[in-house]
Structures are given as structure tokens and as C-alpha cells.
Amino acid sequence: MTTRRVVVCLDMKGGRVVKGVKFEGLRDVGDPVELAARYEAEGADEIVFLDVSASSEERKPLLDVARRTAERLFIPLTIGGGIDSVDALTAALRAGADKVSMNSSIVKRPELLTEAAAVAGAQCVVASIDAKREGGGFRVYTHGGKRPTDLDAVAWAKRCVALGAGEILITSIDRDGARTGYDLELTRAVADAVGVPVIASGGAGQASHLADAFEKGHADAALLAGILHDGHTTVRALKAELGKAGVDVRKEAA
Amino acid sequence: MKAALFDFGAGNLHSLVRGLAQLGVDARIETDAKNCIGADLLVLPGVGAFGHAAQRLAPAREAVKQALVNDQPALGICLGMQLFFDSSEEGAGQGVGFIEGQVTRLTGKHVPHIGWTPVEGVPTEMYYAHSYACRPKDPAVVKAWSLHDGERIAAIVRKGRTVGVQFHPEKSSRAGLQLLGTLIREVTS
């Protein structure tokens, strides 16, 4: 059985982690390379760097960060934010990313998914979808959740997979930062509709939320950010709780 | 020990180079596979798509095959392992053809297979990211299997001094690097 993954997301801007991240004994660590390595040591299964820079100028240091991270990180690294062409995707992979996540750029030009999969293989291509509950369904938003589209999240997820995405990262805008649990209905609707792995995102507050995302939401992976960064809990503690609850998580080397 | 990695031009080689360095293996990157022949270890890394990689490998294909027949120690990771075989459903062109068999699409519910999966005889899970798997004609070359969605996947193959792994040991944390070291020792000693 493939185990359920715990994915740690770091928001970056100008080559630094933007939200303060506190580790025990350390007040604030803003260096993404250092942080990624620490989360690996804690038992994270995967790291995501999401670049929230407003301009391409501000985004420039990202590839250098990816390069330095790949030299120290021995778990998969996904990079997202501002990747809008095959060239940008290839540059991210060459720099050290194992996977690339795309969001607004694929809504604007869906064929980008097909082009990306042809070059890198579907397993490197993550379609990131931000969705909000509206009128009994889930509407897709772009540009960091600011711009509504006419797309339904489930239909869009299916189309992304048909075009070449090898994984879906589904974020609930309603739950993002709320720590009240993932939107299980949204997660399950997407996970049941596609044949690729699905990463649940938005709303994690405690271990039981992750267990629910896996068992009730049918997700393959669960993404975390805030509750780890503010020292509220650790990956190791969460995975220990998940293990006790009967969730199949990765064993660490003795 | 000195290893030579054949770069097909598609993806991240940094983790593998650094992982090898941690194991005391000094790796250089070559864009012509012929230049990898004669190294202590020839490495076909695991990133990209089969058709593109086969095309890049084509001019050196026969020479590489001959080297493997002549006991050149070699390691293939993911796509690199698949390139030891004859051909793939993923794309046109030929693999090295050192191990007889085809590479075909996974048949389970979830394709690609992405995540940490147990490998027979290995104490911890290893990280997989693939849509295609090797189907050796001679099952005896398979040294360990993994199970994904009820389908058996050749996880580790070995023939002569050539070893291939379908998972990514360089992405499987500390346990992955340890296993990588063991496999390299087996084919080089």
C-alpha cells in the first residue's frame, strides 16, 4: 500500500519564507533551505514552495533557492507560483524541483498542461485548484483566490487530468487558515472524479483533520502550513497520532 | 569512486549528485552517454519522458549496451531503469535493450503512482513517481517487487553489474540514500 503523505507548504517571496516560522529554540527562521531540511528531519513526506511574489523581479531568487534546497533535501520538492510556460517549468525542474504546480496559468491556457506533461512526464505536473463554495457547487478562483472564473472545481479537475496533470492540489478558499478541518465534501468530490493522486489543502488544525481528509475525503496527501510554522504542532507529532488512528503513514529509518 | 551521469536534459539532477556525494561517490554530468562508459559507475538518472530520453541516447545506444554486456557497473533510476529495457509504450525509440522486456503503462486505479510505497525486503517505504513500469521477460531479474493498487511493480532489477530501481532513492530521505549505497556497492565491488 502506498502510504498517505503529509506535505509541508512554505509561502515565499523574494527568496525568503514570508510567514514567520518558529521552530523550538528558534525564534524565526526565514531561510527556505534551512526550513525544508528541518521539516524533512521531522518526517515530512514532501515540501512545497509556493512563491507569492507579485512580480517576476521579486520571483527571481526562487530558482537559486530551489538549487540550494535540492542540494540538501532528499524528499520531493514541488515549486509553484508564476510558472506560465514550458520554459519556466523546465527551468524550475533543472534548478531542483521534482514537480511543478500551476494554477492561474493553466486556467488562462489549459494546453500548458499537455505541453508540460510531454516534456517532463505527468508525474511532474501538479494542477493546483483554488475553490470556493458557491450556489451548491465549488467555483474555481485564480490569482491567489481573488479572481472568480466560470469553472466548476470538479469538472476543471477532470479536464486538468485529461490534459496531462499527474496530481491535483485542491485548496478550499473557505477553509484556508481557519483550522476547522479540510473541506471534505470538496476533497472527496475531486478525489472520486479523477484517477490521479489528490492533495487536500486548506483548513488543517489537528491530526484528526488529516485523518478525515484521507478517510472521508479520499485524499492521497494532506497539505499543511500554518499549524506547523507557528509551532502549534510538529510533523512528527501529527504522524504519530495518525499512525495511532490507523492511518498508514511512512516509517522513518531507524 | 567516480560516477558519470547521463543528462537527457529534462530535470533535477542536483539531489542525485548530492546524494551520491554523501555516499562518497563523486559524480560528473555528461551530455553524451558514450562519455559515461568506463566510469566506475554509469548512471541513467530518473527524470523526463521515455521518447525524448531514447532519442538523446540513440547515438550511444549500442556502445552502452556493449559496455553493460562487458560488466560496466551501471545504475538506472526510474526512467533510467526503464531505459535498460527494449522499448516503452510511453514514447517512440529504443532503450538500451540490455534487459529483455517492455515498459508498459500502469493498470491500477491511480496513475501516476506517486508516493511512498513499501518495497519487498526493504525496511522503509521508498518514493515513487511514475506512470509506466518495466515488464522483464525473465522475472528472475526482479530482486524486489512493490504493490500499487493491486498491481505488482518491478521495484529493483539486477542483471550482471547493472541495477535498476523504479523508485527514487535520492528522494527517499535517509533510508533511500542508505539503500542507494548498498546497491552501488553490490554492482561495483
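Structure first, text after, so check above.
No experiment lies behind these values; they were computed from the predicted model shown. (Residues numbered from 1 in each chain as written. Chains lettered and ligands numbered in written order. Predicted model: local features only at pLDDT ≥ 70, side-chain atom pairs only at ≥ 80, totals over all residues. Heavy atoms only, no water.)

> Explain unusual backbone geometry to me, using residue names and the numbers behind them.
Residues Val111(B) and Pro112(B) are joined by a peptide bond in cis, for which omega reads 0 degrees. As for its position among the elements, Pro112(B) is in the loop between strand E6 (101-105) and strand E7 (113-117). Of note, the phi angle at His143(A) is positive, near 55 degrees, even though the residue is not glycine. Along the chain, His143(A) falls in the loop between strand E7 (137-142) and strand E8 (147-152). On the accessibility criterion, His143(A) (36% relative accessible area) is partly exposed. The phi angle at Cys78(B) is positive, at roughly 55 degrees, despite the residue not being glycine. Inspection of the secondary structure assignment puts Cys78(B) in the loop between strand E4 (74-77) and helix H4 (79-82). Residue classification places Cys78(B) among the buried positions, given a relative accessible area of 5%. (Helix = DSSP H or I, 4+ residues; strand = E, 2+ residues; numbered from the N terminus. Buried < 20%, exposed > 50% of the residue type's maximum accessible area, 1.4 Å probe, protein only.)

> Mind laying out the pattern of salt bridges, listing which residues take part and the relevant values?
Residues and elements named next belong to chain A. For the structure on display, the rule yields 28 salt bridges over all chains. Two residues, Asp64 and Arg67, come together in a salt bridge whose shortest N-O distance is 4.0 Å. Residue Asp64 and its partner Arg67 are located together in helix H3 (residues 61-70), separated by three residues, close to a single helical turn. Judged by its relative accessible area of 37%, Asp64 is partly exposed. The partner of Asp183 in a salt bridge is Arg133, with the nearest N and O atoms 2.8 Å apart. One end of the pair, Asp183, is in the loop between strand E9 (167-172) and helix H8 (184-193); the other, Arg133, is in strand E6 (residues 125-134), and 50 residues separate them in sequence. Taking relative accessible area as the criterion, Asp183 reaches 2% and is therefore assigned buried. The network of salt bridges with common partners includes Arg5, Glu46, Lys99 and Glu167. (Salt bridge = Lys/Arg side-chain N within 4 Å of Asp/Glu carboxyl O.)

Without other data, these values stay purely geometric and don't point to any function.
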